[in-house]
Amino acid sequence: MASLAGWFLLQKPNLKSWLWEKRWVLLLFAIMVLLRLPQWGTLLQDDGYTYYRNLSAACETFSFDPDYLFTKFRLADHPTWGLAMLAAIPEFFMPGNANSFFVFQMAVSLAATGGVYDLLRHHTGCKQGTAFLGALAFGCSPMYLGMVSYPSLEVGLSSFFICMIWAYSRRYYLLLLLTCALTVTSKEFGIVLVFGFFVGGSIAEFCARREAGAVKRLWAVLKTPRIGVLCVSGLCMGLAIIAYLLNPALSWFDLRTVVQDHSATHLGYVGWSWSYSIYKLEELVFVNFDWLLLLVVLACLVWRRMRRMTALDSESVILMLGAVVAGALYFFFSCLAVTYTLPRYSMVTELILAFCAVMLLAQTFPVRVPQIVNAVLAVLLAVQGYFCIDPVMKWWFPDVDTGGITMARVSQVDGRHMGDYMVYNYQYSYLRRGLRDIFTRYDPAEYDFVVLDRDGWFYLTYLYWDYEDRIFRPVEGETTVPVREYETDETQGNALAKALEAGILQDHAVITWSPTYEESTLTVEQARAMIPDCYTNVEQHEWDGGPAGKLIYFTADLVQE
């Protein structure tokens with residue numbers, strides 16, 4: 001930031017004229033920040049807690065020793081060195097505060113959205129207002145917007161990839177090398193995105209060349225500096241990542257296992273499952289208005305064909321074809337890597353689809369049409385980022401009755417739920433806000449937290465309640481108490497029966513269940529019938545989170561022998 005400030009001052013700009021010239025970009029950034037600020041302070045959950053806990057631990061005892069950097073900055077055993085080291089910057093300023101990851105993801109989101117604005121301006125010939133609305137629609141992609149507060153690898157991976165496309169287009173070779181490295185060192189599939197863009201971009205560059213003879217054209221493409229940077233850097237880093245994946249002692253994903261039965265309980269292998277792949281395709285098409293973005297892309301292509309319009313800007317074709325091939329390869333390899341079908345894994349393809357839609361709109365229709373369509377898209381996508389309003393998504397997938405605006409139950413294959421599948425966009429977080437209200441009312445130093453049935457774990461076991469600031473914290477402090485979370489399922493490590501037998505239960509308890517973690521949401525009557533006999537004086541309560549949903553819970557006293 002100091003370097004950027006120094007560079008800016010060296011330009012000796014007229015501040016007033018500079019602000020006026022950049023007014024659309026600054027307005028874009030302001031809206032992007034305002035749309036994301038309501039997520040500040042969101043309680044960590046599921047994989048998000050795991051990623052942040054790893055990052056916080058790495059920063060707590062930081063060392064420049066190469067072995068330390070290699071080992072500690074692999075978040076959950078993913079090759080995340082680039083992403084984690086950038087995310088560590090705000091963590092050093094805000095140690096132990098999960099909002100630091102929010103700051104990091106906000107920053108990279110702004111960078112990627114600004115890059116899309118610049119690409120629209122330079123390669124479509126559109127006006128600033130049109131570029132502003134197109135970039136806004138892109139930045140409002142529901143998962144990209146709604147999960148900025150959820151520590152994940154997908155936000156960084158997607159942002160670095162878009163920034164790589166921008167650096168490639170602007171021929172900023174050092175920045176291209178950096179963003180390429182960051183994309184590869186954000187997650188395993190980063191190398192697939194880089195390779196896919198290299199293939200698609202090279203094909204488009206080849207077709208755009210005018211040299212006589214295929215060999216000469218191919219040689220001219222390979223001599224292009226930006227292609228060379230992608231080729232050399234991608235090849236070197238790709239080999240390194242493959243070597244990393246071939247070592248099961250380092251990676252969570254065993255690349256050596258190429259054949260395995262998908263019906264087995266084990267996940268995380270290379271293979272093929274038709275049910276898994278079809279479900280991944282459904283997530284790609286029917287989630288978060290992606291079907292609408294697909295219709296926009298198809299409408300643009302059909303319209304251009306019918307009207308026999310002149311060819312698209314050659315550079316925009318190179319960028320879009322590279323992005324599409326990258327997205328296609330990403331989807332294909334994500335089908336081969338049989339693991340949890342979490343919706344957030346499709347974030348990068350959702351953004352590629354939005355990128356192509358706004359780029360085509362700006363070059364196909366008169367100025368008013370892309371402005372209106374982009375404005376409508378921005379509103380729909382922004383609302384979808386917080387509340388599930390996509391009618392096709394709610395028709396295609398089963399509903400989850402939250403007590404407010406229903407959510408779609410995404411990520412379920414062959415009748416089995418798969419991982420933290422309800423963590424997409426932002427509506428899932430209403431339960432976390434409800435828990436914060438409950439713990440404000442009922443001191444966890446005196447109350448246990450009991451979850452009914454299996455798959456209802458709220459991931460509170462490793463958190464601490466700060467009774468002064470009234471928030472959950474991932475690390476212990478002077479004003480915190482540990483949260484005691486127990487489950488009624490006796491097979492779990494934190495089973496209530498084991499705690500009762502050990503005599504460590506408190507005299508009071510808050511008892512509830514998560515409607516987003518069960519295939520069939522419990523009714524109040526079913527929940528009351530499941531309350532263990534060791535509790536008496538059961539009283540029912542309700543927390544109202546408005547349109548997001550409600551949380552029903554009970555308070556009870558432990559039977560004294």
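Residues numbered from 1 in each chain as written. Predicted model: local features only at pLDDT ≥ 70, side-chain atom pairs only at ≥ 80, totals over all residues. Heavy atoms only, no water.

Participant: Mind showing me how you'd approach the overall build of the protein here?
Facilitator: Across its full length, the protein holds 23 helices and 14 strands. Out of the 561 residues belonging to the protein, those deemed buried represent 55%. For the protein, long-range pairs separated by at least 24 residues make up 71% of all intrachain contacts whose partners lie at least 6 apart in sequence. As presented, the protein carries roughly 24,600 Å² of accessible surface, and 64% of it is formed by carbon and sulfur atoms. (Helix = DSSP H or I, 4+ residues; strand = E, 2+ residues; numbered from the N terminus. Buried < 20%, exposed > 50% of the residue type's maximum accessible area, 1.4 Å probe, protein only. Contact = heavy atoms within 4.5 Å. Areas by Shrake-Rupley, 256 points an atom, 1.4 Å probe, with all protein chains shown as cover.)

Participant: So what exactly am I meant to see when it comes to the packing of helix H7 (residues 99–123) against helix H18 (residues 347–364) here?
Facilitator: Between two packed helices, the angle of one axis relative to the other and the distance separating the axes together describe the packing. Put simply, H7 and H18 touch, their axes get as near as 10 Å, and they point 30° apart. Considering their axes alone, H7 and H18 lie roughly parallel with respect to each other. Note on packing geometry: the crossing formed by H7 with H18 is right-handed. For the pair H7 and H18, the contacting residues are Val116, Leu119, Leu120 and His123 in the first and Phe355, Val358, Met359, Ala362 and Gln363 in the second. Among the residues making up the contact of H7 with H18, the classes are represented as 7 nonpolar, 2 polar and no charged. (Axes fitted to C-alpha atoms, helices over the stretch in contact; angles between N-to-C directions. Parallel < 35°, antiparallel > 145°, perpendicular 65-115°, else oblique. Left-handed = near helix turned anticlockwise from the far one by under 90°. Nonpolar A, V, L, I, M, F, W, Y, C, P; charged D, E, K, R; others polar.)

Participant: Explanation requested: the sheet that holds strand S10 (residues 480–482) in the structure shown.
Facilitator: Backbone hydrogen bonds hold the strands of a sheet together, and the pairing may be parallel or antiparallel. In spatial order, the strands read S9-S8-S10; together these 3 strands make up an open sheet with antiparallel pairing. Both outer strands of the open sheet, strand S9 (471–473) and S10, are each paired with one neighbouring strand and no more. Neighbour to neighbour, the strand axes of the sheet diverge by 35° on average, direction disregarded. Each of strand S8 (464–466) and S9 touches helix H21 (residues 430–441); the most contacted strand, S9, lies at about 105° to it. (Pairing = 2+ DSSP bridges.)

Participant: Sorry, what's going on with the pattern of salt bridges here?
Facilitator: Pairing between side chains of opposite charge can happen when the charged atoms of each approach one another. Taken as a whole and assessed by the stated rule, the structure comprises 4 salt bridges. Here Asp118 and Arg170 are joined by a salt bridge, their closest N and O atoms 3.3 Å apart. Placement of the pair is Asp118 in helix H7 and Arg170 in helix H10 (residues 154–170), with a sequence separation of 52 residues. What makes Asp118 buried here is its relative accessible area of 17%. The exposure class of Arg170 is partly exposed, given its relative accessible area of 27%. For the salt bridge of Arg441 with Asp437, the shortest nitrogen-to-oxygen distance reads 3.1 Å. Highlighted residues: Arg441 and Asp437, both in helix H21, separated by 4 residues, approximately one helical turn. Arg441 sits in the exposed class, given a relative accessible area of 58%. Within this structure, Glu154, Lys187 and Arg344 form a network of salt bridges that share partners. (Salt bridge = Lys/Arg side-chain N within 4 Å of Asp/Glu carboxyl O.)

Participant: What am I meant to see in the pairing of strand S12 (residues 508–512) here?
Facilitator: Remember that side chains alternate between the two faces of the sheet whenever the strand is regular. Of all 5 residues that make up S12, 4 are buried, and the element is covered over most of its length. Sheet analysis places strand S7 (residues 447–451) next to S12, joined by 5 bridges and oriented parallel. Following the sheet pairing, Tyr447 is matched in S12 by His508. When S12 meets strand S14 (residues 550–558), the two strands line up antiparallel, connected through 5 bridges. By the bridge assignment for S14, His508 is matched with Asp557.

Participant: What am I meant to see in the side chain of Thr113 here?
Facilitator: Within the fold, Thr113 resides in helix H7. When near neighbours in sequence (up to four residues on either side) are disregarded, Thr113 contacts Leu28, Met32, Ala135, Phe138, Gly139 and Tyr144.

Participant: What is the right way to look at the sheet that holds S12 in this model?
Facilitator: Strand order in the open sheet formed by 5 strands is S11-S7-S12-S14-S13, and the pairing between neighbours is mixed. Edge strands, defined here as strands with exactly one partner in the open sheet, are strand S11 (485–487) and strand S13 (535–544). The sheet shows a mean angle of 30° between the axes of neighbouring strands, direction not considered. Relative to the sheet, H21 contacts S7, S12, S13 and S14, its axis offset from that of S14 by approximately 35°.

Participant: Is there a simple way to explain the pairing of S13 in this structure?
Facilitator: Alignment of S13 against S14, held across 8 bridges, turns out to be antiparallel. The residue bridging Glu539 from the neighbouring strand is Thr555, located in S14. Taken together, S13 and the strand that follows it, S14, pair antiparallel across an intervening segment of 5 residues, in which Gly546 is found at a positive phi of about 75°.

Participant: Would you mind going over unusual backbone geometry with me for this structure?
Facilitator: Leave glycine aside and you will find that most residues have negative phi; peptide bonds, for their part, are mostly trans. Even without a glycine there, the phi angle at Asn425 is positive, about 55°. With a phi angle near 55°, Asn537 is a residue other than glycine that sits in the positive phi range. Looking at the secondary structure, you find Asn537 in strand S13.

Participant: When you look at the nonpolar core in this model, what are you seeing that I'm missing?
Facilitator: Nonpolar side chains tend toward joint burial in soluble globular proteins. Counting 143 residues, the largest nonpolar core has Phe161 and Phe355 as the members making the most contacts within it. No other element matches the 14 residues that H18 contributes to this core. Residues in contact with Phe355, not counting those within four places in the same chain, are Val116, Leu119, Phe138, Ile165, Leu319, Met320 and Ala323. Counting 16 residues, the second largest nonpolar core, distinct from the first, contains Leu452, Ile531, Phe554 and Ala556. (Core = buried A, V, L, I, M, F, W, Y, C linked by side-chain atoms within 4.5 Å.)

Participant: What's the story with the packing of aromatic side chains in this structure? I'm lost.
Facilitator: Two aromatic rings, taken as a pair, are described by how far apart their centres are and by the angle between their planes. Per the counting criterion, the structure on display carries 25 aromatic pairs. Residues Trp24 and Phe132 carry aromatic rings whose centres are separated by 5.2 Å and whose planes lie at 50° to one another, so their mutual orientation is tilted. Within this pair, whereas Trp24 is found in helix H3 (residues 23–36), its partner Phe132 is found in helix H8 (residues 128–139), the two being separated by 108 residues in sequence. Centre to centre, the rings of Tyr168 and Phe197 are 5.0 Å apart; their planes meet at 90°, and the pair counts as edge-to-face. One end of the pair, Tyr168, is in helix H10; the other, Phe197, is in helix H12 (residues 190–208), and 29 residues separate them in sequence. The pair Tyr168 / Phe197 is uniform in exposure class, with both members buried. Chaining the aromatic ring pairs together yields one cluster made of Phe62, Phe64, Tyr68, Phe73 and Phe92. The aromatic ring of Tyr144 is capped on one face by Arg36, whose charged end is 5.9 Å from the ring centroid. (Phe/Tyr/Trp six-rings, centres within 6.5 Å; stacked < 30°, edge-to-face > 60°. Lys NZ or Arg CZ within 6 Å of the ring centre and 35° of its normal.)

Participant: Which parts of the structure should I look at to understand the packing of H3 against H7?
Facilitator: Contact geometry of H3 with H7 gives a least axis separation of 10 Å together with a crossing angle of 145°. As for the relative orientation of H3 and H7, their crossing is right-handed in sense. Between H3, through Trp24, Val25, Leu28, Phe29, Met32, Val33 and Arg36, and H7, the contact on the second element is made entirely by Phe102, Met106, Ser109, Leu110, Thr113, Gly114 and Tyr117. For the contact of H3 with H7, a count of residues per class yields 10 nonpolar, 3 polar and 1 charged.

As far as function goes, none of this settles anything; it's purely spatial.
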